[in-house]
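The residues making up each chain are set out below.
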Amino acid sequence: MPPPPPATDNKGTVKRTFKAKKPVYQRRDKEVEMGEKLQHGKKRSAQIANPVPKLIDIMEVVSVSELARKMNLKASELIAKLMSMGQMVSINQQIDSETAAILAAEFGADVNIVSLYDETLIETEADDADSMMPRPPVVTVMGHVDHGKTKLLDAIRSADVVSGEFGGITQHIGAYMVETPNGGITFLDTPGHEAFTRMRSRGAQVTDIVVLVVAADDGVMPQTIEAINHAKEADVPIIVAINKIDKPDANPDKVRSQLSELGLQPEEWGGQTMFVELSALKKEGVDDLIEAILLQAEILDIRVNYNRSAEGKILESRIDHGRGIVATILVEKGVLEIGDSFVAGIWPGKVRAIFNDKGVRVDSASPSMPVEVLGFEGIPNAGDPLQVVEDEKVARSFSAKRQELKRFEDAKNIRKITLDNLYDTISDGDIQELKVIIKGDVQGSVEALRASLEKLSTKEVRLAVIQALPGAINEGDVDLASASNAILIGFNVRPTPKAKALADQEKVDIRRYNVIYRVVEDMEKAMEGLLKPDTKEEVIADVEVREVFKISKTGVIAGCYVRGGSVKRSASVNVIRNDTVIYTGKIASLRRFKDDVKEVTAGFECGMSIDGYDDVKIGDEFEVFEIVEIARKL
């Protein structure tokens, strides 16, 4: 049958016919399909454009994923090749450089083994002699415990640190900038007890001049000799300050004679060492000491470049409630400014805020200026170098390499059982192990305490510190102590309420101290089995300060609410602010309304004053305790 004739109009013109358009969704599907083909083509061209390089740099050990990234291959390809070579590995497993070289050769690449340590070094700029300018001297005050170092600094800067320190011993490194008519001087106060050897050596690392404080009545003591050794090792000049000359039994010539035998010959005896006699308590001779320091600094002619990337040393680091990680830094070169990206030890950071030694916010820190800095991503160790870099990307790159180096070093230190040490390990079955977890308020104290305790290990008893960190004692610490049967030591920190409840439940022993040598003494006695019945703080109440009243004749009264337990008039109190014990004292008065009472139980309000302490603030917590005699067990 012939096809029908085309349709025409009245004039005989043939009408045009149109095909119906496809729906929109069909057209879109076609476009997506075309796009995928185009994208696939790009991917293939990208793969072709990134062939396996002829030479790759790797370190002593490298993970499979890292090697695949360097070779522009998928990790699965390398894993398959290793499996064909008889080696079963996972994507994150480390392989040695020899295996990596054989594997790379299979894909036509050579490897160049680079030192992981060299990769972590930040190149420093060479200083131009014309840009060098004088900086204030950094003076470290050293000496034996209780020879008057802090009293001397107190006299110099007219402040009182001793009353805020437990037992009159400086617990943390303090750094202070003192302005004199002839220029500034930065003072570092190092703790006196032998437990703080590392802190004293750290002070010697960053110092220009050491002031050795020796009491005129005591003479040379063990830590005096240790301080001299640190100063000589650091190759810094020593100025001897003979303190306490106001005492009746003072004998400065005896001190001169003793120090002469140790190689510190006084100038008046034809030697090189400056000696200054003074009394820190009566503020006599302090000006002579400052004059001697400035004279010594003039001889040293200390100059640095201010116009360069800043470098410094971490003196102290801690976790501050509300501000995060805070580190005390002594700037050595250049000027540290807000916004600078840096690497401190193994951690990166960016300067968010700078505070000077008086707690005032500043925009920058020049050389020899001790400052507190916010903006760290991790807690650096005291003594770590701080170096400013171009930007955050560079800082993170160096940080990653340093963390990798640390992991590599830590892995090498893990003791594994081999045939050589198997007999020794079996023999070690008779050795008693005392496990300890340390939590402190600042990193420096934690380090010093750890070093001191680890020295106590003997043939019969091994003391193992399984964790040492700054911060309050939390549930994680209690869980670890419970699982590993360890003792928890809190230095100037307390457990959180949840941690304390968990510790009671798990029967974990939490020991709290505020002077380091007492920890050392207790551990020694425990390890020697000489612990006798002794006194212990038994917490009997938990109190919250809700209001503070100042009464002219009586002083400061804290309006309190007893959250738990029972407050007794005869008890003592730990004043806690931001999880840190800031004062310990006796209850001076206890009242309900206007009546003196002997006891206030949980759920009631009361008025309380503390003997010798008026700086109570709303939100403070009082930990009320009694001293009880118990048989001490570990």
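1. Side note on the overall build of the protein chain
- Summing up its helical and strand segments, the protein chain has 16 helices and 33 strands in all.
- Expressed as a percentage of its 634 residues, the buried residues of the protein chain come to 45%.
- Across the protein chain, contacts joining residues at least 24 apart in sequence account for 69% of those joining residues at least 6 apart.

2. A short note on the pairing of strand 11 (residues 274–277)
- Where strand 10 (residues 238–243) and strand 11 come together, four bridges link them in parallel fashion. Each bridged residue has a counterpart across the sheet, and for Ile242 the counterpart in strand 11 is Glu277.
- Taking the sense of rotation as the criterion, the β-α-β connection linking strand 10, helix 9 (residues 252–261) and strand 11 turns out right-handed.

3. A look at the pairing of strand 25 (residues 510–513)
- Across four bridges, strand 24 (residues 487–491) lies against strand 25 in parallel orientation. Counted as the bridge partner of Phe491 is Tyr513 from strand 25.
- Running through helix 15 (residues 497–506), the crossover from strand 24 to the neighbouring parallel element strand 25 is right-handed.

4. Some words on the nonpolar core
- Ranked by size, the top nonpolar core spans 27 residues in total, and within it Leu152, Ile156, Phe187, Val211, Ile239, Leu289 and Ile293 carry the most contacts.
- Going through the elements one at a time, strand 6 (138–143), helix 6 (149–157), strand 7 (174–180), strand 8 (183–189), strand 9 (209–215), strand 10, strand 11 and helix 10 (286–300) are the ones with two or more residues in this core.
- Ranked by the residues each element gives to this core, the list is headed by helix 10, at seven residues.
- If near-sequence neighbours (up to four positions away) are discounted, Val211 is found in contact with Val139, Thr140, Val141, Met142, Leu152, Ile239, Ala241, Leu289 and Ile293.
- Judged by nonpolar contacts, the second largest core, of 22 residues, contains Val556, Leu590, Val600 and Met608.

5. Describing the environment of Ala155
- By the secondary structure assignment, Ala155 is in helix 6.
- A residue is classified by how much of its surface remains accessible, and Ala155, at 10% relative accessible area, is buried.
- Apart from residues lying up to four places away in sequence, Ala155 is in contact with Ala280, Lys283 and Val286.

6. Digging into the pattern of salt bridges
- As enumerated under the stated definition, the model contains 33 salt bridges in all.
- Here Lys247 and Asp217 are joined by a salt bridge, their closest N and O atoms 3.3 Å apart. With Lys247 in the loop between strand 10 and helix 9 and Asp217 in the loop between strand 9 and helix 8 (222–233), this residue pair connects regions lying 30 residues apart in the sequence.
- Judged by relative accessible area, which is 37%, Lys247 ranks as partly exposed.
- You can call Asp217 buried: its relative accessible area is 19%.

7. Considering the environment of Lys568
- Counting through the fold element by element, Lys568 comes out in strand 27 (residues 555–568).
- Looking at Lys568, the relative accessible area reads 31%, which means it is partly exposed.
- With 30 residues separating them along the chain, Lys568 and Lys598 place their C-alpha atoms 5.8 Å apart.
- Once residues within four sequence positions are removed from consideration, Lys568 is found in contact with Ile540, Ile587, Leu590, Lys598, Glu599 and Glu626.

8. Comments concerning the packing of helix 14 (residues 475–484) against helix 15
- The contact between helix 14 and helix 15 brings their axes to 8 Å, and the two run at 15 degrees. The angle between helix 14 and helix 15 places the two elements in the roughly parallel class. The handedness of the crossing between helix 14 and helix 15 is right-handed. Touching Glu475, Val478, Asp479 and Ser482 of helix 14 are Lys498, Ala499, Leu502, Ala503 and Glu506, all from helix 15.

Reading the values: the criteria
Position labels on residues start from 1 in each chain and follow its written sequence. The predicted origin of the model limits local features to residues at a pLDDT of at least 70 and limits the giving and counting of side-chain atom pairs to 80 or more, whereas totals for whole chains, interfaces and linings rest on all residues. Side-chain numbers come from the whole structure's heavy atoms, not from hydrogens or water. Going along the chain from the N terminus, every DSSP run of H or I of four or more residues is numbered as a helix, and every run of E of two or more is numbered as a strand. Between buried and exposed lies partly exposed: a residue is buried under 20% and exposed over 50% of the maximum accessible area for its type, with that area taken using a 1.4 Å probe on protein chains only. Here, residues are in contact when the closest pair of their heavy atoms is within 4.5 Å. Strand pairing follows a simple DSSP-based rule, namely that at least 2 bridges must link the two strands. Orient the strands so they point away from the viewer, and a crossover whose first-strand-to-second-strand path over the helix runs clockwise is right-handed. Take the buried residues of types Ala, Val, Leu, Ile, Met, Phe, Trp, Tyr and Cys, join any two whose side-chain atoms come within 4.5 Å, and each joined set is a nonpolar core. Should a side-chain nitrogen of Lys or Arg be within 4 Å of a carboxyl oxygen of Asp or Glu, the pair is scored as a salt bridge. Helix axes are fitted to C-alpha atoms over the stretch in contact, other axes to C-alpha atoms as well, and angles between N-to-C directions run from 0 to 180 degrees. Throughout, the term roughly parallel applies to angles under 35 degrees, roughly antiparallel to angles over 145, roughly perpendicular to angles from 65 to 115, and oblique to all others. If you view the pair so one helix is near and one far, a crossing is left-handed when the near helix is turned anticlockwise from the far one by less than a right angle, and right-handed when it is turned clockwise.

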